[in-house]
Amino acid sequence: MTAPRIGTVMWPMQSWPEAGELWRRAEDLGFRHAWVYDHLAWRGATPWYDAYTTLAAAAAVTSRVRIGTLVTSPNFRHPVPTAHAVKTIDHVSGGRLTLAIGAGGTHRTSDAGVLGGDEWTPGERASRFAEWVELLDRLLTGPETSFEGTYYTAREVVTEPGCVQRPRVPFVIAGNGPRGMRLAARYGTGWVTGGEGARPHDVVRAQLAKLRAACDAEGRELDDLILMTGFTDDPWLESLDAFTDLAGRYAELGITEIALHWPRPGTPWEADMKVFEAIAAEYGEAR
């Protein structure tokens, strides 16, 4: 059994150049990937800087760590300008961008509903998500895209020269329901979950069984199975031993990647930085 690779979720709350120093620190610690939430705010937190601009800047001050959104969504982004930004960041980073995508939350203190209009029902949100992913896939594989959907339109969008990564940047799909898992199986190179629930290990086991069934139906497998920690009571950052035990248990289920939130004092993600660094030293990539 191979131990899961580790990444970290960054908080886009520091102005530059302080934020740049943190991204460089994440790379120096040996994290395989570093992510940022794509919201206009997050549960009312302020300041909260733009994810795509942050990733472009982070790409310019790092050279090894993979970077990405965890996750981006249709809540306030249209696929056409999103694809343009994605291609640009992929070029700036030299092909180190991964795009994790989800249906988007419903919290108005984050980004739901900021563009006005009627609230999306769960069914509409799922349908928008599916159409958004389909169109973004087409836009990033080009060379020219026209699309008339129920929710999104694109007209003669030229996408050359395309992404550095071929056929496009990797998609990691966040979706725990049947439609989300089908999207992951069809378009994703990976899948991400937070394992929320009273018994997160059992929740992830059940989710993975459903995901594998969806992959079987599409005739393919996913390379990266990511667990985003910090939303359950699992003591990931209590100690190095606690991390090792949990990482091993989830690896047995098939999880290949663990994403740890960068410690943030005064919040549920507060943790001993020495423990965080010890985990990176033990499980990070060789430098």
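On a predicted model such as this, the values are computed, not experimentally measured, just so you know.

**Digging into the packing of aromatic side chains**
Each aromatic ring pair is characterised by the separation of its centres together with the angle its planes make.
Okay, step 1: Within this structure, the stated rule accounts for 13 aromatic pairs.
Okay, step 2: On the numbers, 5.7 Å between centres and 70° between planes, the contact of F231 with W269 is edge-to-face. You can see F231 sitting in the loop between strand 9 (224-228) and helix 7 (240-253) and its partner W269 sitting in the loop between strand 10 (257-261) and helix 8 (273-283), a full 38 residues away along the chain.
Okay, step 3: F231 gets classed as partly exposed once you look at its relative accessible area, which sits at 26%.
Okay, step 4: The class for W269 is buried, based on a relative accessible area of 9%.
Okay, step 5: Counting every residue linked through ring pairs, the aromatic cluster contains W11, Y37, W42, W48, F231 and W269.
Okay, step 6: One cation-aromatic arrangement involves R168 over F171; the distance from NZ or CZ to the ring centre is 3.5 Å.
Okay, step 7: Over the aromatic face of W11 sits the side chain of R264, whose NZ or CZ is 4.6 Å from the ring centroid.

**Considering the sheet that holds strand 4 (residues 97-102)**
Okay, step 1: An order of 1-2-3-4-7-8-9-10 is seen for the eight strands of this closed barrel, with the pairing classed as parallel. Mean inter-strand twist for the sheet, computed between neighbouring axes without regard to direction, equals 25°.
Okay, step 2: Summarising the sheet, strand 1 (residues 5-10) and strand 10 pair through five bridges and their orientation is parallel. Residue pairing for strand 10: V9 is matched across the bridge by H261.

**What about the environment of D233?**
Okay, step 1: Locating D233 in the fold gives a position in the loop between strand 9 and helix 7.
Okay, step 2: As a C-alpha pair, D233 and R264 span 31 residues in sequence and 16 Å in three-dimensional space.

**Let's talk about the pattern of salt bridges**
Okay, step 1: A complete count under the given rule lists 16 salt bridges for this structure.
Okay, step 2: A salt bridge links E218 to R186; the nearest nitrogen and oxygen atoms lie 2.9 Å apart. Of this pair, E218 sits in helix 6 (residues 200-218) while R186 sits in helix 5 (residues 178-187), and the two are 32 residues apart along the sequence.
Okay, step 3: Among the residues examined, E218 registers a relative accessible area of 30% and is labelled partly exposed.
Okay, step 4: Looking at R186, the relative accessible area reads 46%, which means it is partly exposed.
Okay, step 5: Its salt-bridge partner being R205, residue D202 comes within 2.8 Å of it at the nearest N-O pair. Here the residue D202 and the residue R205 both occupy positions in helix 6, the gap between them amounting to three residues, near one helical turn.
Okay, step 6: In this structure D202 comes out as partly exposed when scored by relative accessible area, which is 28%.
Okay, step 7: If you follow the salt bridges from partner to partner, you end up with R5, R32, D224 and E257 in one network.

**So, the environment of R179**
Okay, step 1: Tracing the sequence through the fold places R179 in helix 5.
Okay, step 2: Judged by its relative accessible area of 38%, R179 falls in the partly exposed class.
Okay, step 3: For the pair R179 and F129, spaced 50 residues apart in sequence, the C-alpha to C-alpha distance is 9.4 Å.
Okay, step 4: Not counting residues up to four positions away in its chain, the partners in contact with R179 are G123, A126 and S127.
Okay, step 5: Separated by 3.1 Å, the side chains of R179 and S127 make a polar contact.

**Some remarks on the nonpolar core**
The tendency in soluble globular proteins is for nonpolar side chains to be buried side by side.
Okay, step 1: Counting 81 residues, the largest nonpolar core has I101, V133, F171, L211 and W236 as the members making the most contacts within it.
Okay, step 2: At seven residues, helix 4 (residues 122-141) tops the list of elements feeding residues into this core.
Okay, step 3: The contacts of I101, once residues within four sequence positions are left out, are V71, T72, F129, W132, V133, L136, F171, V172, I173 and A174.

Calculation criteria
Residues numbered from 1 in each chain as written. Predicted model: local features only at pLDDT ≥ 70, side-chain atom pairs only at ≥ 80, totals over all residues. Heavy atoms only, no water. Phe/Tyr/Trp six-rings, centres within 6.5 Å; stacked < 30°, edge-to-face > 60°. Helix = DSSP H or I, 4+ residues; strand = E, 2+ residues; numbered from the N terminus. Buried < 20%, exposed > 50% of the residue type's maximum accessible area, 1.4 Å probe, protein only. Lys NZ or Arg CZ within 6 Å of the ring centre and 35° of its normal. Pairing = 2+ DSSP bridges. Axes fitted to C-alpha atoms, helices over the stretch in contact; angles between N-to-C directions. Salt bridge = Lys/Arg side-chain N within 4 Å of Asp/Glu carboxyl O. Contact = heavy atoms within 4.5 Å. Polar contact = N/O pair within 3.5 Å; in protein donor to acceptor, adjacent residues only side chain to side chain. Core = buried A, V, L, I, M, F, W, Y, C linked by side-chain atoms within 4.5 Å.

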